[in-house]
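Coordinate inspection notes
Given next are the chains, with one letter for each unit.
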Amino acid sequence: DGGITQSPKYLFRKEGQNVTLSCEQNLNHDAMYWYRQDPGQGLRLIYYSQIVNDFQKGDIAEGYSVSREKKESFPLTVTSAQKNPTAFYLCASSMGQGLSGYTFGSGTRLTVV
Amino acid sequence: GNSVTQMEGPVTLSEEAFLTINCTYTATGYPSLFWYVQYPGEGLQLLLKATKADDKGSNKGFEATYRKETTSFHLEKGSVQVSDSAVYFCALIIDRGSTLGRLYFGRGTQLTVWP
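Now for a quick tour of the structure. Because the structure is predicted, anything quoted here is derived from the model rather than measured.

Criteria and thresholds
The residue numbers shown here count from 1 along each chain, following its written sequence. Starting at A for chains and at 1 for ligands, labels are handed out in the order in which the entities are written. Reporting in this predicted model follows two pLDDT cut-offs: at least 70 for local features of residues, and 80 or more for side-chain atom pairs to be given and counted; totals over whole chains, interfaces and linings ignore these cut-offs and use all residues. Derived side-chain values reflect all non-hydrogen atoms in the structure, with water molecules and hydrogen atoms excluded from consideration. Each pair of aromatic rings taken from Phe, Tyr and Trp, with Trp reduced to its six-membered ring, is defined by centres within 6.5 Å and is described as stacked if the planes are under 30 degrees apart, edge-to-face if over 60, and tilted in the remaining cases. Helix numbering and strand numbering both begin at the N terminus, where a helix is a DSSP run of H or I of at least 4 residues and a strand a DSSP run of E of at least 2. What makes two residues a contact is simply this: any of their non-hydrogen atoms within 4.5 Å. By definition, the buried area sums, over both parts, the 1.4 Å-probe accessible area that each loses when the two are put together. Here, a salt bridge means any side-chain nitrogen of Lys or Arg that lies within 4 Å of a carboxyl oxygen of Asp or Glu. What qualifies as a polar contact is a pair of N or O atoms within 3.5 Å, subject to a donor-acceptor requirement within protein and to the restriction that residues adjacent in sequence count only when both atoms come from side chains. Burial classes follow relative accessibility: with a 1.4 Å probe on protein chains only, a residue under 20% of its type's maximum area counts as buried, one over 50% as exposed, and anything between as partly exposed. Note: two strands are recorded as paired if DSSP finds a minimum of 2 bridges between them. For helices, the axis comes from a line fit to the C-alpha atoms of the stretch in contact; other axes are also lines fit to C-alpha atoms, and the angle between any two N-to-C directions lies between 0 and 180 degrees. Here, the term disulfide refers to a pair of cysteine sulfur atoms separated by no more than 2.5 Å.

1. A look at the packing of aromatic side chains
- Applying the stated criterion across every chain, the model contains 15 aromatic pairs over all chains.
- Look at A:Y33 and A:Y48: their rings are 6.4 Å apart centre to centre, the planes differ by 20 degrees, and that puts the pair in the stacked class. Linking A:Y33 in strand β4 (residues 31–37) with A:Y48 in strand β5 (residues 43–51), this pair joins segments that are 15 residues apart in sequence.
- Measuring from ring centre to ring centre gives 6.2 Å for B:Y25 and B:Y66, while their planes differ by 80 degrees; the resulting arrangement is edge-to-face. Remark: B:Y66 occurs in the loop between β8 (62–65) and β9 (75–77) and B:Y25 occurs in strand β4 (residues 23–26); sequence separation between them is 41 residues.

2. Overview of the interface of chain A and chain B
- Facing the 21 residues of chain A at the interface are 20 residues of chain B.
- Counting each side, the surface lost to burial between chain A and chain B is near 1600 Å², with a carbon and sulfur contribution of 54%.
- The largest contributions to the chain A side of the interface with chain B come from A:L99, A:Y102 and A:F104, which together make up 31% of the buried area.
- Taken together, the connections running from chain A to chain B amount to 1 salt bridge.
- Between the two partners, chain A and chain B, sit 7 residue pairs in polar contact (both at pLDDT 80 or more).
- When contributions to the side of chain A that touches chain B are tallied by element, the ones reaching two or more residues are β4, β5 and β9 (87–94) of chain A.

3. Considering the pairing of strand β5 (residues 31–38) of chain B
Residue and element names in this part refer to chain B.
- Buried residues dominate β5, accounting for 8 of its 8 residues.
- Judged by which residues are buried, β5 turns out to be covered on both faces: P31, L33, W35 and V37 on one side and S32, F34, Y36 and Q38 on the other are all buried.
- As defined by bridge partners, β5 adjoins strand β10 (residues 86–94) across 8 bridges and the pair is classed as antiparallel. Residue P31 lies in a different strand from β10, and its bridge partner there is I94.
- Judged from the 6 bridges that link them, β5 and strand β6 (residues 44–50) form a sheet pairing that is antiparallel. Following the sheet pairing, L33 is matched in β6 by A50.
- Connecting β5 to the next strand, β6, in antiparallel fashion are 5 residues, including G41 with a positive phi near 75 degrees.

4. Quick look at the pattern of salt bridges
All names here are of chain A.
- Under the criterion given, the structure shown has 7 salt bridges over all chains.
- A salt bridge links R36 to D38; its shortest N-O distance comes to 2.8 Å. Of the two residues, R36 and D38, both sit in the buried class.

5. Here we look at the sheet that holds β8(B)
All names here are of chain B.
- One open sheet holds the 4 strands; their spatial order is β3-β9-β8-β7, and the pairing between them is antiparallel. Both edges of this open sheet fall to β3 (19–21) and β7 (56–59), since each of them pairs with a single strand only. Sheet twist, expressed as the average angle between the axes of neighbouring strands with direction ignored, equals 15 degrees.

6. So, the state of the cysteines
All names here are of chain B.
- For the structure on display, the rule yields 2 disulfides over all chains.
- The side chain of C23 participates in a disulfide bridge whose partner is C90; the two sulfur atoms lie 1.9 Å from each other. Of note, the bridge from C23 to C90 carries an S-S torsion of about -70 degrees and is left-handed in sense. Placement of C23 in strand β4 and of C90 in strand β10 is noted, with a sequence separation of 67 residues between them.

So, in structure tokens, the structure goes:
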């Protein structure tokens with residue numbers, strides 16, 4: 001079955017450390033996205049990529065970095081510059097321009113300890 | 001700009017009650033409209049969608065009609081079940097311009113259904 005796989009499901013990080021969240025899709029989708037979800041704030045777009053080797057900042061890109069070296073993969077690195085990284089992170093993908101909607105992964109919950 | 005406004009929750013209902021979650025939007029182009037559902041600890045699942053005015057999206061007993069004249073896409077279900085307890089997100093995507101391909105979400109509405 002095709003889908004999006006995010007790993008790990010739970011992640012703990014010490015302050016000052018970088019950490020990378022994995023997102024892999026086998027849907028042959030062109031575009032991929034990273035969202036952050038905090039209680040009561042809905043979803044906020046971090047980065048998105050519409051083609052391989054190209055990506056754009058979303059609304060809250062500061063303290064995050066991404067790469068898109070393969071169509072199937074869009075890893076997100078949460079750097080030590082992110083002031084409040086504890087959140088639920090969601091990866092999504094879409095065919096073409098996304099007019100049929102996105103497919104979401106099951107999320108990674110990151111906690112800074 | 002592009003934005004989605006949906007009714008604030010939480011919404012608490014008894015089983016078999018009628019559900020309405022209001023959603024209105026503003027858009028710079030011609031949007032497609034979506035409802036997504038999120039169960040606890042999981043990602044979002046597409047519930048239903050509508051791509052043009054007067055279209056009705058439906059799935060699992062939920063319905064929403066794309067009303068261009070009122071810029072609305074309200075979610076309804078005639079008889080809710082405990083298993084419908086989740087967070088519901090209204091969203092839109094624009095089919096042209098610099099924001100092509102970007103999905104705009106409302107803040108989400110928490111629904112709790114009691115037996």
